Amino acid sequence: SDLTTEHANPVIASSAGFVEPIYLDPTVTYKCVITTSNDVALPDGTVDPVSAAFDAEAIGLVIYPRTAAEIAAGVTPTDYGYPAGDVRRYGAALDGTTDDTTALTNWAAVGGNLVFPVPSTAKITAAIPLVSNTTIDFVKGARIETATTNISFLTASSKTNITIRGGHFKQTAAGASAYTAAVKLTSCTECLVENCDFEGMQWSGVFLNKSSRCTVRGNYLHAWTGNVNDGNGVCVYEDAVSNIVEGNTIIGAGWHGILIQDPYTSLYPKKNIVTGNRIGAHTAYGIAVYIPGTTDTYNQILNNDVEGITGAANTSLYGSGIYIVGYGAGGTIVSGNNVRNCCTATTGTTNGPAGISVGGLYSSGAPVLVTN
C-alpha cells in the first residue's frame, strides 16, 4: 500500500477467482488485461487506461458484468465482486440485523440459478416474490428470518418451475393471521421445496394454494410461534391437484401436521399423495382431509407415522391422528399408516376422535378405503 513492493506480473488469482489488493501509483497510467488460466484474454477483459481507483469492484464489473436477466428484471447489482445469482451481489448485508428485504427482492427478481452461499442470516420485513424458472440453493447454515408478523417469506403466483432447496426459515414473533407461510405458492406448477428447515412458523410452513404437480419433500417443520386456527406444517388448499408431500418431519404444536382442505369454496384439492411423513406433537389433527363439497377427490394418505396428537386445540374436540371428513372426501385411500397416542386431551366426541376418523361422506360418492 506504500507503493514500495511490486507484485509479480501477471498477478495470479486463486482458484476461487480472488486476487490480493493491487495498489496503483496515481501518477502512472496503466493497462489491465484479464485472462483465463490458459492466458487467453476474457471478452471485454481489457481495460485501458486504468486509474488508481481500479479496485475489486471495477475488476468484478469486467468479470461479472450486468447480465441480460438483470437488465430484463430492471435490477442493477450493488457489488460486482460477486457473480450473478449470489445474494451478496444485490446488497444483502447478511448480518441478521440489517433489513435485507430490498436486496433479496432484487435477487429473487433476477431468477435463474440463485445461491445463498454463506452460513449467515438475512433479515426480512416483507414477502420476497419469486419468478418462474428459479432455483434457490442455500448452503448449510444459511437462514432467512423475520420478526415481522403476518407476512409470508417467499411467494409466487401463477409461476412454474421453482425449486427451493436447503434453506432455514425462522419466524421469531407470533402473529394472528392465517394463510401466511414460509413458502407460499399460489396457482403454481412444477415446483419443489426440499430439505428445508421451517422454524416457528405463524400459520403454515409450505402452502400450496391452487398449485399442481408440486413436491414438498424431506423438510423439517417445527416449533410453531402462533396458535392460529388450522395452523399447519404443509397445507394443500383449494384447487391443488396431483401434488406430493413426502418424507417430511413435522413436529411442533401447531394445529395440524398436514392439511388438505377445501374451505367451503367448491375448489377441490384432488389426487394428492401424502406419504412417508413423520408427524407428532400437534393439537388438532396429524393429517386432515377436509373437503365439504360434493365430489370425489381421490387423495391418498400412505405409510405415514403419526403420534402425539393431543386434541387440545380450541375446544378440545379434536385429536384424531388421521381425520377424513366431508362429502368431497370420496375415493380417499388411507393405507399403511402407523398411528399412536392420539386424543390425549380430547374432551368430547363431536368431531369423532379416533386414531383414524372418517365421517360426513356423500352417500353416493366413491368409498373411502382404510387398510393395513
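Residues numbered from 1 in each chain as written. Predicted model: local features only at pLDDT ≥ 70, side-chain atom pairs only at ≥ 80, totals over all residues. Heavy atoms only, no water.

Sorry, what's going on with the pattern of salt bridges here?
Two side chains of opposite charge can pair, provided their charged atoms sit close to one another. Within the structure shown, the criterion is met by twelve salt bridges. For R143, the salt bridge is made with E145, and the minimal N-O distance between the two is 3.1 Å. Accessibility expressed as a relative area gives 22% for R143, which makes it partly exposed. The residue E238 makes a salt bridge to K210 at a minimum N-O spacing of 3.8 Å. On the criterion of sequence distance, the pair formed by E238 in the loop between β18 (232-237) and β19 (244-246) and K210 in the loop between β15 (204-209) and β16 (215-217) is long-range, its members being 28 residues apart. Note on K210: relative accessible area 34%, which makes it partly exposed. (Salt bridge = Lys/Arg side-chain N within 4 Å of Asp/Glu carboxyl O. Buried < 20%, exposed > 50% of the residue type's maximum accessible area, 1.4 Å probe, protein only. Helix = DSSP H or I, 4+ residues; strand = E, 2+ residues; numbered from the N terminus.)

What is the right way to read the environment of N150 from this model?
Looking at the element boundaries, N150 is found in the loop between β8 (143-146) and β9 (154-157). Look at N150 and you get partly exposed, because its relative accessible area is 37%. With 69 residues separating them in the primary sequence, N150 and G81 have C-alpha atoms 35 Å apart.

What is the right way to look at the sheet that holds strand β28 (residues 333-335) in this model?
Two modes of strand pairing occur in sheets, parallel and antiparallel, and in both the strands are linked by backbone hydrogen bonds. Taken in spatial order, the ten strands make up an open sheet running β4-β7-β10-β13-β16-β19-β22-β25-β28-β31, and their pairing is parallel. Edge positions in the sheet fall to β4 (112-116) and β31 (369-371), since each has one partner strand and no second. Averaged over all adjacent pairs, the angle separating strand axes in this sheet is 5°, with direction ignored. The strands touched by helix α3 (residues 101-110) within the sheet are β4 and β7 (134-138), with β4 carrying the most contacts at an inclination of about 150°. (Pairing = 2+ DSSP bridges. Axes fitted to C-alpha atoms, helices over the stretch in contact; angles between N-to-C directions. Contact = heavy atoms within 4.5 Å.)

It is not clear to me how the packing of aromatic side chains should be interpreted in this structure. Could you clarify?
The description of an aromatic ring pair rests on the distance of the ring centres and on the angle between the ring planes. Applying the stated criterion to the full structure yields 15 aromatic pairs. A ring pair is formed by Y179 and Y237, whose centres lie 5.7 Å apart and whose planes are at 55°; its orientation type is tilted. Of this pair, Y179 sits in the loop between β11 (168-171) and β12 (181-186) while Y237 sits in strand β18, placing them 58 residues apart in sequence. When the centroid spacing of 5.3 Å and the interplanar angle of 70° are considered together, the rings of F207 and Y237 count as edge-to-face. Pair noted here: F207 is in strand β15 and Y237 is in strand β18, with a separation of 30 residues, a long-range link. The class of F207 is buried, set by a relative accessible area of 1%. Taken together through their ring pairs, the aromatic side chains of W107, F116, F138, F153, F169 and F198 make up a single cluster. (Phe/Tyr/Trp six-rings, centres within 6.5 Å; stacked < 30°, edge-to-face > 60°.)

Can you help me understand the sheet that holds strand β20 (residues 249-251) in this one?
One open sheet accounts for ten strands, arranged β3-β5-β8-β11-β14-β17-β20-β23-β26-β29; its pairing is parallel. The sheet is open, and its two edges are formed by β3 (95-99) and β29 (338-340), each paired on a single side. Strand-to-strand twist across the sheet, computed as the mean angle between neighbouring axes with direction ignored, equals 10°. The pairing of strand β5 (residues 121-123) with β8 spans three bridges and is parallel. Opposite A122, over in β8, you have I144 as the bridge partner.

Help me understand the nonpolar core, please; the structure alone is not making it clear to me.
Generally speaking, soluble globular proteins have nonpolar side chains that are buried together. Formed by 63 residues in total, the largest nonpolar core has its most connected members in L104, F116, I144, I164, F169, F198 and I301. Broken down by element, this core gets its largest block of residues, five residues, from α3. Once you skip the residues sitting within four places of it in the chain, I164 turns out to touch L130, I136, F138, L154, F169, V183, L192, V193, E194 and C196. Core analysis: the next-biggest nonpolar cluster, separate from the first, contains 15 residues, Y237, L259, A284 and V325 among them. (Core = buried A, V, L, I, M, F, W, Y, C linked by side-chain atoms within 4.5 Å.)

So what exactly am I meant to see when it comes to unusual backbone geometry here?
The phi torsion of most residues other than glycine is negative, and most of the peptide bonds are trans. With omega at 10°, the peptide bond leading from N9 into P10 counts as cis. Looking at the secondary structure, you find P10 in the segment before β1 (30-35). With an omega of 5°, the peptide bond between D48 and P49 qualifies as cis. Summarising the element assignment, P49 is placed in strand β2 (residues 41-50). Look at D230: it is not a glycine, yet its phi comes out positive at around 65°. Its place among the elements puts D230 in the loop between β17 (220-222) and β18. The class of D230 is partly exposed, set by a relative accessible area of 24%. Despite not being glycine, N341 has its phi angle at roughly 55°, a positive value. Mapped onto the elements of the fold, N341 is located in the loop between β29 and β30 (356-359).

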